[in-house]
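Single-letter residue listing:
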Amino acid sequence: MIQRIQTVFLFLSAVFAGILFFTPIASFAIGNEIVTFTIFGVENQTSALPLLILTILMLMVPFVTIFLYKKRELQLKLSSLNVFLNAVFCGLIFLFYVDKIQESLSAETITYVFGAYIPLINMVLSILAMRWIKKDIELIKSVDRLR
């Protein structure tokens with residue numbers, strides 16, 4: 001059934017992933033100039049194709065998961081995949097791209113914007129969805145025992 005609480009969590013996860021297309025991840029101060037970093041890369045300099053691909057996957061996986069409501073075990077696995085994709089996205093941002101861009105631009109300061117925290121919000125939403133999916137699985141098993 002689509003009207004379950006985990007559907008709300010998965011839908012919000014997909015919405016937040018969609019917001020990444022419009023929100024910058026970080027901004028770098030170079031003297032008086034401010035350069036922004038998005039999932040598309042840095043303005044006219046660095047491409048971030050892996051981030052773009054991960055964002056598309058982070059958008060698609062929750063939507064696919066919503067419509068697999070009859071296959072709860074698969075929903076659980078896809079939600080775990082979504083958590084993993086968001087963790088990889090965070091790792092790429094904080095451990096690879098920001099350092100690489102800061103070195104190449106010789107930036108003085110880095111300011112993380114809302115887009116940097118969206119994967120963390122998505123991970124929490126996916127974990128909450130997994131919790132409710134597990135409760136559904138346990139409920140179905142308990143009903144099967146009564147038959």
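Residues numbered from 1 in each chain as written. Predicted model: local features only at pLDDT ≥ 70, side-chain atom pairs only at ≥ 80, totals over all residues. Heavy atoms only, no water.

Engineer: Describe in detail the overall build of the protein, supporting the description with residues and values.
Structural biologist: Per the secondary structure count, the protein includes four helices and four strands. Against the globule reference of 15 Å for 147 residues, the protein gives a C-alpha radius of gyration of 18 Å, more extended than a compact globule. Dimensions of the protein along its principal axes, counting C-alpha atoms only, are 70 × 20 × 20 Å. Classification of the 147 residues of the protein by burial places 43% in the buried group. Within the protein, contacts between residues separated by at least 24 positions form 72% of all contacts whose residues are at least 6 apart in sequence. Accessible surface for the protein amounts to roughly 8300 Å². Of this, 68% is attributable to carbon and sulfur atoms. Counting 12 positive and 9 negative side-chain charges, the protein places the centres of these two groups 22 Å from one another. (Helix = DSSP H or I, 4+ residues; strand = E, 2+ residues; numbered from the N terminus. Rg over C-alpha atoms; globule rule 2.2 N^0.38 Å. Buried < 20%, exposed > 50% of the residue type's maximum accessible area, 1.4 Å probe, protein only. Contact = heavy atoms within 4.5 Å. Areas by Shrake-Rupley, 256 points an atom, 1.4 Å probe, with all protein chains shown as cover. Lys, Arg positive; Asp, Glu negative; His and termini not counted. Charge placed at Lys NZ, Arg CZ, Asp CG, Glu CD.)

Engineer: Outline the pattern of salt bridges, supporting the account with residue identities and numerical values.
Structural biologist: Overall, the coordinates contain one salt bridge when judged by the stated rule. Across the salt bridge formed by Asp136 and Arg4, the nearest N and O atoms sit 2.7 Å from each other. In this pair, Asp136 is assigned in helix α4 (residues 114–146) and Arg4 in the segment before α1 (5–19), connecting sequence segments 132 residues apart. (Salt bridge = Lys/Arg side-chain N within 4 Å of Asp/Glu carboxyl O.)

Engineer: Quick one: what's the story with the pairing of strand β2 (residues 33–38), residue by residue and with numbers?
Structural biologist: In the sheet, strand β1 (residues 26–30) pairs with β2 via five bridges, with the strands oriented antiparallel. Bridged to Ala29 within β2 is Ile34. Taken together, β1 and the strand that follows it, β2, pair antiparallel across an intervening segment of two residues, in which Gly31 is found at a positive phi of about 65°. Relative to strand β3 (residues 41–42), β2 is paired through two bridges, and the arrangement is antiparallel. Across the sheet, residue Thr38 finds its bridge partner in β3, namely Gly41. Taking the residues between adjacent antiparallel strands as the criterion, β2 and β3 are bridged by two residues. (Pairing = 2+ DSSP bridges.)

Engineer: Tell me about the sheet that holds β3, and please be specific about residues and values.
Structural biologist: Backbone-to-backbone hydrogen bonds pair the strands of a sheet. The strands run either parallel or antiparallel. One open sheet accounts for four strands, arranged β3-β2-β1-β4; its pairing is antiparallel. Of all the strands in the sheet, the pair left with one neighbour each is β3 and β4 (109–112).

Engineer: Describe the confidence of the model for the protein, naming the residues involved and giving the relevant values.
Structural biologist: Low pLDDT means the predicted atomic positions in that stretch should not be read closely. Of all residues in the protein, 96% have pLDDT values of 70 or greater, and the mean over the chain is 87. Mean pLDDT across the secondary structure elements of the protein bottoms out at β3, with 84, and peaks at α1, with 92. (pLDDT = per-residue confidence, 0-100.)

Engineer: Any details on helix α2 (residues 49–66)? Residues and values, ideally.
Structural biologist: If you check α2, its first and last C-alpha atoms are 27 Å apart, about what 18 residues at 1.5 Å a residue would give, namely 26 Å. The complete set of buried residues in α2 reads Leu51, Leu52, Leu54, Thr55, Met58, Val61, Pro62, Thr65 and Ile66. (Expected span 1.5 Å × (residues − 1).)

Engineer: Provide a residue-level description of the environment of Phe28, including the pertinent values.
Structural biologist: Structurally, Phe28 can be placed in strand β1. In the structure, Phe28 is positioned 14 residues away from Val42 in sequence and 9.8 Å away in space, judged by C-alpha atoms. What Phe28 contacts, discounting residues up to four positions off in sequence, is Glu33, Ile34, Val35, Phe37, Val98, Ile101, Gln102, Ala107, Thr109 and Ile110.

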